[in-house]
Amino acid sequence: MYEGVVPSNRSDEIIQALSQDPRFQFKDQAGYLRYGICPNCGKKELYVSKAKPFRIACGRENKCGQSWTVKELLPHLFGNYEKRYPPSRDNPNATADAYLHEERGFDLHRIRGWYRQYQWKDGDQWISSIRFPLNSDGSVYWERLVRIGKDGRKANFRGKYRGMCWLPPAQVLEEGDRCFITEGIFDAMAFEHIGEKAAASMSSSNFPEQLIRGAEKKRVVWVLALDNDKAGRKAAVKHANRLNGMGQHVAVALTPDGKEDWNDFYKKGLLNETFIDECLYRGRLFMARSPGQKAWHMFQRNQGQRKFVVEFGNGLYRFEVSSDLDTALEGADTPLGGEDGYRLFTQHTTQAQISNAVPELLYIIDDVDMDQFRYVFRIRYKNSERVDIKELTGNALTKAEAFTASLLTTARGVIFKATEAEFQYMLQGWLDPIGGEPDTVTTVPYLGYHAATGAYIFQDHAYYQGKEIPVNEFGYFKIGELGLKSSLRSGVRIQTGQEFNPSWFGDYVTVYHWQGLSCLAWWLGSFFVQQIRKKYRRYPFFELSGEKDTGKSDMLQLLWKCSGRDDYEGFNPRKDNPKAVRRKFNQLSNLPISLLETDYGEGKENGQQQQYNFDSLKDLFNGRGTGAIGLPTKGSDIFEQPFLGALIASQNHRVTGHEATLSRIVHCHMTRAHHRAENKALAEELPARPVNAFSGFMGAALKREQLILSRTYDAFEELSPRFENQGLSNRVAFCHCLVAALGHGLCVLFPDMTEELAERLTEYLLVRAKDRENLLQEEDSLVAQFWKTYEYMNEEIWEKDVMESRAGWLNHSAKKEFIAINLQEFRAACVDYKQPVPQEMQRLQEALKTSLKHPFVKSGNVYSRHKKRSISCFVFQA
């Protein structure tokens, strides 16, 4: 319970937490914790008072000088005010006291009696609120909720407060006082805590007329300290004009930016006279009515600078102040800050326009792919609301002439006439601004998961630690202190931000049955493929085969809609050149790469162009490289991007390949066995639904990343013995067990994905695993038929290293340990001998490489014992 100050046990709790936190490594010394590691500069200069441990600071005031509230460094000790400090008979305001002291930093001795704690009904629950009356009988009030309501509400008004304001009780305005008019009560309370008089207008649009009329003749200086956002600045101009019209003294104070309010700066210990003076100066510049008036304010601030550039009305102006001004001021015996001083300033100053637009550096792009930096400027045009965002290269910033040429090329009608000295001054302000540095935005050459930050980067939204982050006004995402954006400009469009509606799940299972459910589970896992590979070192390939009109294409397009990609199924790698294929493999991270119809193609008769070789992809199973490229350097540098996605193939016939490839694949063959006449309309309507009916699936999954992975990992550990005890090879067991475990992960998203359904999916995948294992022990049907036909047509006998046979003409090898067959000759022999003729020669060629009976050795030219010259053959072990 609060007694007007923080109880000693609260201080002890904070000190204990700081002492035990390995980030800081404090040493206890004479009433302080000292020599802690500063989170900003890394030096052992962090300290905090044990008596008042609410602000932690770095002792390197000149080189660092950063400080933090204890809440910023130890957020887990704060919040949950209702649970930690419930009201009691002795202190019915206990929750409100805790919030105002811990969250807002106020001294409870100063504000006791200004508020009362109440309860606000939020649907079927109650939230504690802190109520501040705005009139004498309390019929008009504002109340702050100690936690956010279901609809996002933070505060609540009762009654009409137009013309009214909140004042610290017992505050009296005297002759010549200064009174700060803020938007919020907590901002006004912050000013009161540093000895200033203040009032809260409750909103930027509300003019506190009752207060001002009541002190109309006391020559009060009204300081408009509204929020530094668009609404606050607009209201400041409006209210200032009204106050001037009433004959009142008025000033404007603006905080450094609109991200923090006066209470925030108070909590950081920055709200003092020096800070207020800076904010008043910022307000004078904002309220200047001409370039000359703004220059006058700037010159008063720094009279040692005679030449400077002024921004006004989205134009840039050059000012030069003559030294004769000093003589004129002395002769007139008038201060520079008065009306006569302004008149003399204008008489002894020259002015010229430099630019009809204002270029402002927004951020710097660190383009990792191109190994270069680019500079993004916002161009605001004079006397216009038009704004352009333009990228400039480093060459454009080398000198004023280059910058002028770049603006003429990229911006619309910009005339820039700065001297070299003026440009270098502006350049320094852009690249090395006082009090900070421009944001650096790192480009990501793909869409999806960025492992270094744990964020998912798309065009319109990012997802980070369970939160959806919209792209900011400048086109990038702020993840912590890091800026990120995708540099992928064409080829892929991922829609994000749609609401997730799980109601389609039942229809999906009805239409696509166990094959579709298996694929959906695998698809879910592809969103976390790098996390899964980090834990298990691998992620299974998925294969969909099936007869015509079984729904493969419709299902794949629907699943891509689940990832926000409309009207897309995949691509045929045989139709693109290898460089384009490699780029497509590298465009997505933690998303599927889908290959289509690789079992067919326009192969050449001489066999030079072959069916797509899945054996060449087997290293992608472990996330290894997609293919090296040479870097444009003088050395031998290369770059090979690891495979960041998951691989799925869809084709009519089963993928052929070596055992190492086939054991990496979870295969589902789609048939019409589950098709029902009554479901035909649903099967046509379901995939025709728009992309936004499904695209919320990915966003919902990414927001529940940890829960889905935890559910999947637990299920995998539980299911592993069932798969391992079926006589399966390790790789086959792993692949099918992981997809089954991901089926349990689907339970997180779909209420209809019950444990019973997940168990039945597991049984289905056990059957698929056994089928895959049996396949690995069998000869491909094409290969088995090939050897059967070959043996019939090519009987031959080797005795004492000499061939004795009337046939033997199909084997061109001169060595008995090898068989060399010309496939065109073989095909012609099939016609002559009336044997089955291979129709798909390319598929046969790939299948022969997996031969078990006679293992494949190579293909190419070999010396023919019959023709006495080299011919093209497939060579096998005899």
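The structure reproduced in this document is the subject of the present report. What you see is a predicted model, and the numbers here were worked out from it, not measured in a lab.

Rules and cut-offs
- Residues numbered from 1 in each chain as written.
- Predicted model: local features only at pLDDT ≥ 70, side-chain atom pairs only at ≥ 80, totals over all residues.
- Heavy atoms only, no water.
- Helix = DSSP H or I, 4+ residues; strand = E, 2+ residues; numbered from the N terminus.
- Rg over C-alpha atoms; globule rule 2.2 N^0.38 Å.
- Buried < 20%, exposed > 50% of the residue type's maximum accessible area, 1.4 Å probe, protein only.
- Contact = heavy atoms within 4.5 Å.
- Areas by Shrake-Rupley, 256 points an atom, 1.4 Å probe, with all protein chains shown as cover.
- Lys, Arg positive; Asp, Glu negative; His and termini not counted.
- Charge placed at Lys NZ, Arg CZ, Asp CG, Glu CD.
- Axes fitted to C-alpha atoms, helices over the stretch in contact; angles between N-to-C directions.
- Left-handed = near helix turned anticlockwise from the far one by under 90°.
- Nonpolar A, V, L, I, M, F, W, Y, C, P; charged D, E, K, R; others polar.
- Pairing = 2+ DSSP bridges.
- Salt bridge = Lys/Arg side-chain N within 4 Å of Asp/Glu carboxyl O.
- Arc of directions from axis to C-beta.
- Polar contact = N/O pair within 3.5 Å; in protein donor to acceptor, adjacent residues only side chain to side chain.

In terms of helices and strands, the protein chain carries 28 helices and 38 strands. The globule rule puts the C-alpha radius of gyration for 878 residues at 29 Å, and the 37 Å found for the protein chain is more than 25% above it. For the protein chain, the spread of C-alpha atoms along the three principal axes comes to 130 × 75 × 60 Å. Counting the 878 residues in the protein chain, one finds 50% classified as buried. Across the protein chain, the fraction of contacts at a sequence separation of at least 24, relative to all contacts at a separation of at least 6, is 62%. For the protein chain, the accessible area works out to roughly 43,200 Å², and carbon and sulfur atoms hold 47% of it. Within the protein chain, one finds 115 positive and 111 negative side-chain charges whose respective centroids are separated by 1 Å.

Remark: helix 27 (residues 823-832) packs on helix 28 (residues 841-848), axes separated minimally by 12 Å, with the N-to-C direction vectors making an angle of 115 degrees. For the pair helix 27 and helix 28, the sense of crossing is right-handed. Listed contacts from helix 28 to Leu-823, Gln-824 and Arg-827 of helix 27 are Met-841, Gln-845 and Leu-848. Grouping the amino acids of the contact of helix 27 with helix 28 by side-chain chemistry returns three nonpolar, two polar and one charged.

Let us now look at the pairing of strand 15 (residues 315-321). The element strand 15 is extensively covered by neighbouring structure, given that five of its seven residues are classed as buried. Taken together, the six bridges between strand 14 (residues 307-312) and strand 15 define a ladder with antiparallel strand orientation. Along strand 15, the bridge assignment pairs Lys-307 with Glu-320. Pairing of strand 15 with strand 16 (residues 349-355) involves six bridges; the strand directions are antiparallel. Bridging from a neighbouring strand, Leu-316 pairs with Ser-355 of strand 16.

Right, let's talk about the pattern of salt bridges for a bit. Applying the stated criterion across every chain yields a total of 44 salt bridges. When the shortest N-O distance is used, the salt bridge between Arg-306 and Asp-326 registers 2.6 Å. With Arg-306 in the loop between helix 11 (291-301) and strand 14 and Asp-326 in helix 12 (residues 324-332), this pair connects stretches of sequence that are 20 residues apart. In this structure Asp-326 comes out as partly exposed when scored by relative accessible area, which is 31%. Here Arg-843 ties to Glu-840 by a salt bridge, and the two come within 3.8 Å at their closest N and O atoms. Overall, the relative accessible area of 31% leaves Glu-840 in the partly exposed class.

Our next topic: helix 27. Considered for burial, the residues of helix 27 that qualify are Leu-823, Glu-825, Phe-826, Ala-829 and Cys-830. Buried residues along helix 27 cover an arc of 155 degrees about the axis, so they all sit on one side. Within helix 27, the exposed residues directed more than 90 degrees away from the buried face are Val-831 and Asp-832. The inward-facing, buried residues of helix 27 abut helix 26 (781-793), strand 36 (818-821), helix 28 and strand 38 (870-877). Two to three positions downstream of the cap, the backbone nitrogen of Gln-824 sits 3.2 Å from a side-chain oxygen, assigning the N-cap of helix 27 to Asn-822. In the segment just after helix 27, Lys-834 is the residue with positive phi, at about 55 degrees.

Take the environment of Arg-318 next. Of note, Arg-318 is situated in strand 15. Classification of Arg-318 by relative accessible area gives partly exposed; the value is 25%. Separated by 34 residues in the primary sequence, Arg-318 and Ala-352 place their C-alpha atoms 5.1 Å from one another. When residues no more than four places from it in sequence are discounted, the contact partners of Arg-318 are Phe-308, Thr-350, Gln-351, Ala-352, Ile-354, Lys-417, Ala-418, Thr-419 and Glu-422. At a separation of 2.5 Å, a polar atom in the side chain of Arg-318 contacts the side chain of Glu-422.

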